[in-house]
Amino acid sequence: MRLEILGPVRAGEAEVGGPRVRALLVLLALEAGRIVPADRLIDGLYGERPPEDAANALQSQVSRLRRALGRELIEHHPAGYRLAVDPLEVDLHRFERLAAEGRRARGEGDPERAAALLGEALALWRGRPEVPETQATRLEELRLAAVEDEVRARLDLGGHRELVARLSELVRLHPLREGLRALLIRALYGSGRQADALAVFEEGRRILDEELGVEPGPELAAAQLAVLRADPALGAVRNAPVPPARVGLRAQLTSFVGRSGDLARLATLLTTSRLVTLIGPGGAGKTRLAVEAAAAEPGDVTLVELAPVPDGSQLTAAVLDALGVRESLRSDVPTPDPAARLITALAGRRLLLVLDNCEHVVDAAAGLADRLLATCPDLRVLATSREALAITGEAVHPVTPLKPPPPGLPAAEALTYPAVRLFADRAAAVRPEFAVDEATVEHVTRICRALDGLPLAIELAAARLRTLPLGELAGRLDDRFRLLARGSRTALPRHQTLRAVVAWSWDLLDPEEQALARRLTVFVGGASLEAAERVCGLPEELLHSLVDKSLVAEVDGRYRMLETIRAFCAEHLAEAGEVEATRRAHAAFYLELAQRADPHLRGGEQLEWLALLDAESDDLRAALGWAISAGEVAFGLRLVTAVACYWWLRGHRLISAELVGELLGLVGPEPPPGLWEEYAMCVLIAGWTGRPTPELTERLRRLRAEVSIKNFPYRVEFLSMFLSMFTGPPDDLVVDDLVNYPREGLSPWICALTHIGPAFVWVNTGETELAKQALREGLAAFTEIGDRWGTTLALSGLGDLAFQSGDHAEALRLAERGGVLARELGSGADEAEYLARKADCLLLLGELEQARESFQASVELSRRAGAADGLARALIGLGEVELAAGHSGAGRTLLEQALAECPDAWYSAEELKQRAQLALARADLADGEPRTALRRCVDVLAWGVAGNAGVAVLAMKRLGEVVEACGDAELAARLPQLSPAEALALLRLRKDGERAVSGR
């Protein structure tokens, strides 16, 4: 008989009733085959309060158990009772045997067999065992030990990624179990998530300290150290295949019919031509064909929807946005020329860029495509437009209507025509019983021919079968076309036909549906259900009705119109005289939404609200555009203020600065009454590209003069950070005043900010201990409220201090954590910076291969982010790695490439150039050119002394190596005792070091 106690008690097919009878069976099964003393059984059954006649009570329970299992299985002995079964008939003992064999197999180097045995053992557990509490603790420990052994075996087999979720849940359930936490660290590291692995260690260290007052044990500490050292024993998965990126390609809700020939030709054209343009009338299916062709491509694809782009001036920004290329969150990085940033992002990247709906920006699209294709050799462009881009090398593919059948064909033959197949497919979607047969083929043929085979027209017509019989549908189409035949004689017949079909669909709507359809046209990026209802002033049931009638499509919770339908309905919005009222309602909704979202962008719900505003980004800009065109200055100032934090966190500097610049053009030299803070925010945003006009420069100067610590904290919360970031601390700032600032009544975010502000002042004044303490307090505060950006601000400051003090392991940990947060915020430029910081630490820790990998990853991310400064920094790092490995030629090549990548006229780029020169000095030494090395170091030292203390310190370190290599022992001994300025003066006395080189 099989007995199961690892869960609800079972004994084969027998019914074991009553909790005490089951408890008796468990007590005997735990010692299967052995005698269990009666007093132990009584203790197990009754605990500290046994009945007066405990022996008879036990005998009564034994009798009940015998009736259930059979008398022969429960043997009585003078010392007690015995369950007369083979122990392996009890699942607990089988579990222990399998677990031991699995553990032994792993020890013998057979992880595959170990995983199988341990998995079989754990499968015996069906739930919580019905055993006494003392036994429950022992059994749970056995189970967890087996879980850990099985996970170790599966990690040995390379299953890191598959185990992360399981281990994360186990650690959540058992936060103090260090073995499970160490395994999670190993799984995360092996999945390429080093930062997450280190964060799990930090969480464990904090919990152990708070709960038990102890430090991590040897196993957990060893796991952290192994991650920091990138120990190969961790089994990290490197060079795992990365799936191709599919940006902007939405999953299609309907089948793709009748374009197999077009797809085949496009596949050929995309192989032989780097620019392919699909041309054809509206509704011909250009977008769908482009999406299907792009989806069939094996590499990365990004689709840019240009329909919401108002004019050609914003085209480049739209492409950058679609590619996810965002400016750094750092305030000291100016915004580069957008086209140059785009070229940096695409140079060397194999990508198919789909530019959809180019017709209204065709000149700008042609110019951009021509420039990108000329400078990015691995780029291909697939465009859709009603006319060709007309540039050299373009391959044009006309997208013609689907061919309809001639009249009189039988059903089987008519279905060979793509127009009929499309109608049949879409009709079956609304009426499942519909089929093209001999009874319906005449009407279907008539409809497809009347619609000239235009896919959009056919789909709209098929959707009408929800409410109309097929015959009436065919008849009403004919009537409608004759009625509209008196329209514009200059329009193409197909355009007339398409307009007629949309008009016919429009006429079938009731007045409320028509009102909703025309008002929806004010949305440029689709509408959420709430937005549609609020802006249009009509119930959501009408929106669902428009979806059913194929005038609106619902995709991922947003409601969109095809551009042809939207343009038609927009005409009716104008005819109804509702344009101004609806756009005003649209703008009011988005102002309210932005104001509601703003405080959440600096808290624990940051990512959710960022994602929500991402979906509404086009409409937020449209609302601001309305305010500008309508001269609603106060409204515009409030909207800009509400959306400023979102723009900053998403790196939308360029396009927002242009819009805000237009708004400021409507504002006089003084801000509107009561809106100084909103005005200040707009001035700062307009200037955050780093290229202000003379008028804006004057506004910034006057703004700076009005900044005072007396105004802190500002009513506009984000301004409290933003203003000092771009104008510097107020002239009347006394650091102690900010440190001791009363925090009662302040928001948690402002409180966190009051730690960070003094910290960076102390960093600049060299008071590192005060700075470190303040940064730690700020880090704790920002972490508690969940603001990732504020957390990265503190992490970067602490990382710099740790690196400068030589604590490279701590700097590495901080860089890992900062990289995770930058990735969560979607800031590729900042993630690339943290990768470079991490690599700097690894290089100094002697982990050359790991440093090389991190610098290379930083190169790739910087390219994708279009961050020329990040790319230059990563290339410098790669050059330093090669020099450290003894490869001076490869190192010199990378450093020279870095200098070529450094942007012109950026102060931050000048610092990078100086660092590259210091690295080249090391290459000079390796190549036997000490005089050249010394001249480089002196030049860099001079630059640093003139205004960059950090570079001066780096130059002094390298200078010591160079002077020592030159053999000037006297100067080498004196340098550590000199300040950078004193060292520079001494070297100049020696004719820029030539005397030191010659020994004179």
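Scroll up to find the structure this text is about.
Anyway, here's the lowdown on the structure attached to this text.

Parameters at a glance
- Residues numbered from 1 in each chain as written.
- Predicted model: local features only at pLDDT ≥ 70, side-chain atom pairs only at ≥ 80, totals over all residues.
- Heavy atoms only, no water.
- Patch = residues over 30% accessible without salt bridge, like charges linked within 9 Å, V, L, I, M, F, W, Y side chains within 5 Å.
- Areas by Shrake-Rupley, 256 points an atom, 1.4 Å probe, with all protein chains shown as cover.
- Salt bridge = Lys/Arg side-chain N within 4 Å of Asp/Glu carboxyl O.
- Buried < 20%, exposed > 50% of the residue type's maximum accessible area, 1.4 Å probe, protein only.
- Helix = DSSP H or I, 4+ residues; strand = E, 2+ residues; numbered from the N terminus.
- Contact = heavy atoms within 4.5 Å.
- Pairing = 2+ DSSP bridges.
- Axes fitted to C-alpha atoms, helices over the stretch in contact; angles between N-to-C directions.

## A few points about a nonpolar patch on the surface
Piece 1. Taken together, L176, L212 and V214 make up a surface patch of nonpolar side chains, about 240 Å² in accessible area.
Piece 2. Taking the relative accessible area as the measure of exposure, L212 reaches 51% and is therefore exposed.

## Side note on the environment of A390
Piece 1. Inspection of the secondary structure puts A390 in the loop between strand 10 (379-385) and strand 11 (394-398).
Piece 2. For A390 and T765, which are 375 residues apart along the polypeptide, the C-alpha to C-alpha distance reads 60 Å.

## Some remarks on the environment of L30
Piece 1. The residue L30 is located in helix 1 (residues 19-30) in this model.
Piece 2. Along the chain, L30 and A752 lie 722 residues apart, while their C-alpha atoms are 57 Å from each other.
Piece 3. With residues up to four places along the chain from it excluded, the contact list for L30 reads I5, L92, H93, Q135 and R138.

## What to know about the sheet that holds strand 8 (residues 300-305)
Piece 1. In space, the six strands of this open sheet follow the order 6-8-9-10-7-11, with parallel pairing throughout. Every other strand in the sheet has two partners, leaving strand 6 (246-247) and strand 11 as the edge strands with one partner each.
Piece 2. Bridge analysis of strand 9 (residues 351-356) against strand 10 gives five bridges, and the strand direction is parallel. Paired with L352 across the two strands is R380, which belongs to strand 10.
Piece 3. Running over the sheet, helix 12 (residues 286-295) touches strand 6, strand 7 (275-279), strand 8, strand 9, strand 10 and strand 11 and is turned about 160° from strand 10.
Piece 4. Along the sheet face, helix 15 (residues 362-375) touches strand 7, strand 9 and strand 10 and points at about 165° away from the line of strand 10.

## Looking at the environment of L228
Piece 1. When you line up the elements, L228 lands in helix 10 (residues 218-228).
Piece 2. When the C-alpha atoms of L228 and A435 are compared, they prove to be 65 Å apart, with 207 residues separating the residues in sequence.
Piece 3. Once residues within four sequence positions are removed from consideration, L228 is found in contact with L198, A809, L812 and L842.

## Comments concerning the pattern of salt bridges
Piece 1. In the structure shown here, the tally under the stated rule is 64 salt bridges.
Piece 2. Close ionic contact of D156 with R106 constitutes a salt bridge, the shortest N to O distance being 2.8 Å. Highlighted residues: D156 in helix 6 (residues 133-156) and R106 in helix 4 (residues 91-107), separated in sequence by 50 residues.
Piece 3. Relative accessible area serves as the criterion here: at 35%, D156 is assigned to the partly exposed category.
Piece 4. Each of R103, E141, E148, D149, R152, R177 and E219 takes part in one network of salt bridges that share partners.

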